[in-house]
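Observations on the model geometry
Here is how the chains run, residue by residue.
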Amino acid sequence: MKVSTEPLENCQVLLTIEVEPERVEKQLRRGARQLSHRVNIPGFRKGKAPYEIVVAMLGKQAIYEEILEDLVTESYREALAQTQLKPIAQAELEDIQLEPMVIRMRVPLSPEVKLGDYRSIRIPREEITVSEAEVDEALEELRQSRSQWIEVDRPAEYGDLLTLDIKGTIGDETVMDQRDWEIVLARDPQVELLPGFDTSFIGMRPGETREFTLTYPANSGSRWAGREAHFVATLKKIQHREQIELNDQFAATVGDFPTLAALRESIRKGLEAQREMEMRSRHLNQVIEALVKGAELVKYPPILLEQEIDSMLSAQERQLSQRNLRLDDYLKLNQMTREQYREQLRPQAEQRLVRNLLLDAVAEAENISVTPEEITAEIEGLLQGLDATARSEFSRLLNNPIGRQIVANDLLTQKTLNRLLAIARGEVESNSAQVEPTSPVETVPEPERVPEKS
C-alpha cells in the first residue's frame, strides 16, 4: 500500500492511499461471497455462486458498496500507523477512485498555538470598600422584604399598594382595561406609566371612582405621543406596608445574629464578598482579552469549530428541555433554520474555541495539572447536599471515565484562570513558573477514528 501526505492549511493533511489491486480483488471476492449468502441467485445455493456469476447478476458496484467501508477503515488505520499521523478528530473522506483504488482523506491534526508574553499582563487589584449608606440600603431592602402589606381604610398615599379597576381610552381606542389591577404608588416620575399617573390616585378612598386625563409626552416614542388619554378608575383596596423597627429583635428574626450590629457586619461582609467576585470576574475577562490579543499564533482544523458549535447547540437543547421546549420549536418561533442558527453561533463559538486553546497552552507552559484525588474531591463536593436519589444519579453520571474527564477539564480551566489572575496581579514570580503536581489529568481513551464522507 502506497501512502503519501500533503500539508493543507489550518492544521490539516491530505492523506492519499493507493491500495494494491490484489488486495482490492481479494476484498471484492469476500464481498461477493457475503452477498451471495443474502441474495437468491438462480441455479446456485446461497453462498455457492462463483464470483463471476455474482458480478454478472448484481454488478460490480454493488460489491464495492459491500466492502468499501471496511476496506477504507482498514486502509486508513494502516496509513496512520505508517505515517505516524495523530488525528484529533474524524478524517473527512474527500474522494475515492475505484480502479485503481485511490483513497483521499482530509486529516485534522493538533492545533498550533504560540502564546505571547502573557506573563507581562498586569491588572492590579482594586481596593474594595463598602460605605455605611450601602449597608443601610441593603438593610432597608431586607426589612422591606420581611414586612407585610396590611389593608387600611384611609386616603391613598405614596408607597401604598392599590387594587383598582381601570380603563383608559384615546378617542375610540382602548389603551388599558384592567380588573383588580395592583400598583404601588411611586413618588418618582421616572417610574410612572405616564407623567402624573401615580399622583392622580393620591387621596382616593376605597370605593371611590375617579376620572382624569393625561397627555403622552411628545418625545415618548409612543404611537400615542402628544395625545390625551382619558382614564376611569375605581379604587377597591388600599394596603400599607408595615414598618418593622430595626433593632436587635429584628436581627434575631433574620438569622443567628445577637444584635443589629452583628447583622450589619454580616451584610457588610456579604457586600464585600460580592464586590470581590465581581472584581474577579471583571479582571478575568480583562486577562483573557489580553491573552487573546497578545497571542502570536492560533491555528486549528475547522472540525474543532464545528464541534464547538455542536456543543453550544447541545447546551441550548438541554436548557430548552427544562422548559419543555424543543430546539426545533424554538427555531421555528424565531423563523430560523438549524443552519442559520449555526452560523449565528459561529462567531461566539470561535471566541470560545480560541480562548480554550490558549488556556490549554498556558496550562502546559505553567505545568498545571489535575490529580485523580482532586477530581474525586470535586465530585464529592458536587454531590454534597443532594438527596439519596439525586446523589445516586449524579454519582453515576460523574463517576465514569467521561464524567471524570469533564470534571477534570473544568478543574484544569479554573486552576489555569487562577494562575493567570495571580500572574496579572503580580503574585507569581515573573522569572519562573510555579510548578503544580505532575500527576497527569485523567483522560478518556481515544475512540478508533473512522473517516467520514465530507
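**With respect to the overall build of the protein**
For the protein, the helix and strand inventory stands at 12 helices and 12 strands. Taking 2.2 N^0.38 as the reference for a compact globule, 454 residues should give roughly 22 Å; the C-alpha atoms of the protein span a radius of gyration of 35 Å, well beyond that estimate. Each of the three principal axes of the protein carries a C-alpha extent, and together these read 105 × 70 × 50 Å. Each of the 454 residues in the protein was classed as buried or not, and the buried ones make up 34%. Within the protein, contacts between residues separated by at least 24 positions form 68% of all contacts whose residues are at least 6 apart in sequence. Surface summary for the protein: the accessible area is close to 27100 Å², and the carbon and sulfur share equals 49%. Placing the 57 positive and 79 negative side-chain charges of the protein at their respective mean positions leaves the two points 5 Å apart.

**Some words on the environment of Glu 296**
Relative to the assigned elements, Glu 296 resides in the loop between α6 (260-294) and β11 (297-299). Note on Glu 296: relative accessible area 52%, which makes it exposed. With 111 residues separating them along the chain, Glu 296 and Val 407 place their C-alpha atoms 30 Å apart.

**Some points on the packing of helix α10 (residues 372-383) against helix α11 (residues 388-398)**
The geometry of α10 relative to α11 is characterised by a closest axis approach of 10 Å and an angle of 155 degrees between their N-to-C directions. As summarised for this structure, α10 and α11 are arranged roughly antiparallel, according to the angle between their axes. The chirality of how α10 crosses α11 is right-handed. Here α10 contributes Ile 379, Glu 380, Leu 382 and Leu 383 to the contact with α11, which in turn contributes Arg 391, Phe 394, Ser 395 and Leu 398. By residue class, the composition of the contact of α10 with α11 is five nonpolar, one polar and two charged.

**Section: helix α4 (residues 132-146)**
With 15 residues, α4 should reach 21 Å at 1.5 Å per residue; the first-to-last C-alpha distance of 21 Å fits that figure. Buried within α4 we find Val 135, Leu 139 and Arg 143. For α4, the angular spread of buried residues about the axis comes to 75 degrees, placing them on one side. Those residues of α4 that are exposed and aimed more than 90 degrees away from the buried face are Ala 133, Glu 141 and Ser 145. Buried residues in α4 make contact with α5 (248-254) and α6.

**Here's the deal with the pairing of strand β4 (residues 102-108)**
In terms of burial, β4 is largely enclosed, as five of its seven residues are buried. Two strands pair when backbone bridges link them, and strand β3 (residues 92-97) and β4 are joined in this way by five bridges, in the antiparallel orientation. Directly across from Glu 92, in β4, lies its bridge partner Arg 106. Hairpin remark: β3 followed by β4, antiparallel, with four residues in the connecting loop.

**Points about helix α1 (residues 21-38)**
Taking 1.5 Å of rise per residue, the 18 residues of α1 would be expected to cover 26 Å, and the 26 Å separating its terminal C-alpha atoms lies within 8% of that figure. Residues of α1 that are buried in the fold lie against α2 (51-58) and α3 (60-83).

**Quick notes on the pattern of salt bridges**
If charged atoms from side chains of opposite charge come close, those side chains can pair. Under the defined criterion, the tally for this structure stands at 37 salt bridges. As a salt-bridge pair, Asp 329 and Arg 326 come within 3.2 Å of each other at their nearest N and O atoms. Its relative accessible area of 52% is what places Arg 326 among the exposed residues. Notably, a salt bridge pairs Arg 346 with Glu 343, separated by 3.0 Å at the nearest N-O pair. Here Arg 346 and its partner Glu 343 are both found in helix α9 (residues 338-365), three residues apart, which amounts to about one turn of the helix. What makes Glu 343 partly exposed here is its relative accessible area of 44%. The structure contains a network of salt bridges with shared partners spanning Glu 132, Asp 136, Arg 264, Glu 265 and Arg 268.

**Overview of the nonpolar core**
Counting residues in each nonpolar core, the largest one holds 34 residues, and the members touching the most others are Leu 115, Tyr 118, Leu 291, Tyr 300 and Leu 420. It is α9 that contributes the most residues to this core, 10 residues altogether. Not counting residues up to four positions away in its chain, the partners in contact with Tyr 300 are Asn 10, Cys 11, Pro 111, Leu 305, Glu 350, Leu 353, Val 354 and Leu 357. Counting residues in hydrophobic clusters, the runner-up holds 29 residues, among them Val 13, Leu 28, Leu 35 and Val 107.

**Overview of unusual backbone geometry**
Omega for the peptide link from Glu 99 to Pro 100 comes to -10 degrees, which places this bond in the cis form. As for its position among the elements, Pro 100 is in the loop between β3 and β4. Within the chain, Asp 180 stands out as a residue other than glycine whose phi angle is a positive 55 degrees. Relative to the helices and strands, Asp 180 is located in strand β8 (residues 173-184).

Criteria and cut-off values
- Residues numbered from 1 in each chain as written.
- Predicted model: local features only at pLDDT ≥ 70, side-chain atom pairs only at ≥ 80, totals over all residues.
- Heavy atoms only, no water.
- Helix = DSSP H or I, 4+ residues; strand = E, 2+ residues; numbered from the N terminus.
- Rg over C-alpha atoms; globule rule 2.2 N^0.38 Å.
- Buried < 20%, exposed > 50% of the residue type's maximum accessible area, 1.4 Å probe, protein only.
- Contact = heavy atoms within 4.5 Å.
- Areas by Shrake-Rupley, 256 points an atom, 1.4 Å probe, with all protein chains shown as cover.
- Lys, Arg positive; Asp, Glu negative; His and termini not counted.
- Charge placed at Lys NZ, Arg CZ, Asp CG, Glu CD.
- Axes fitted to C-alpha atoms, helices over the stretch in contact; angles between N-to-C directions.
- Parallel < 35°, antiparallel > 145°, perpendicular 65-115°, else oblique.
- Left-handed = near helix turned anticlockwise from the far one by under 90°.
- Nonpolar A, V, L, I, M, F, W, Y, C, P; charged D, E, K, R; others polar.
- Expected span 1.5 Å × (residues − 1).
- Arc of directions from axis to C-beta.
- Pairing = 2+ DSSP bridges.
- Salt bridge = Lys/Arg side-chain N within 4 Å of Asp/Glu carboxyl O.
- Core = buried A, V, L, I, M, F, W, Y, C linked by side-chain atoms within 4.5 Å.

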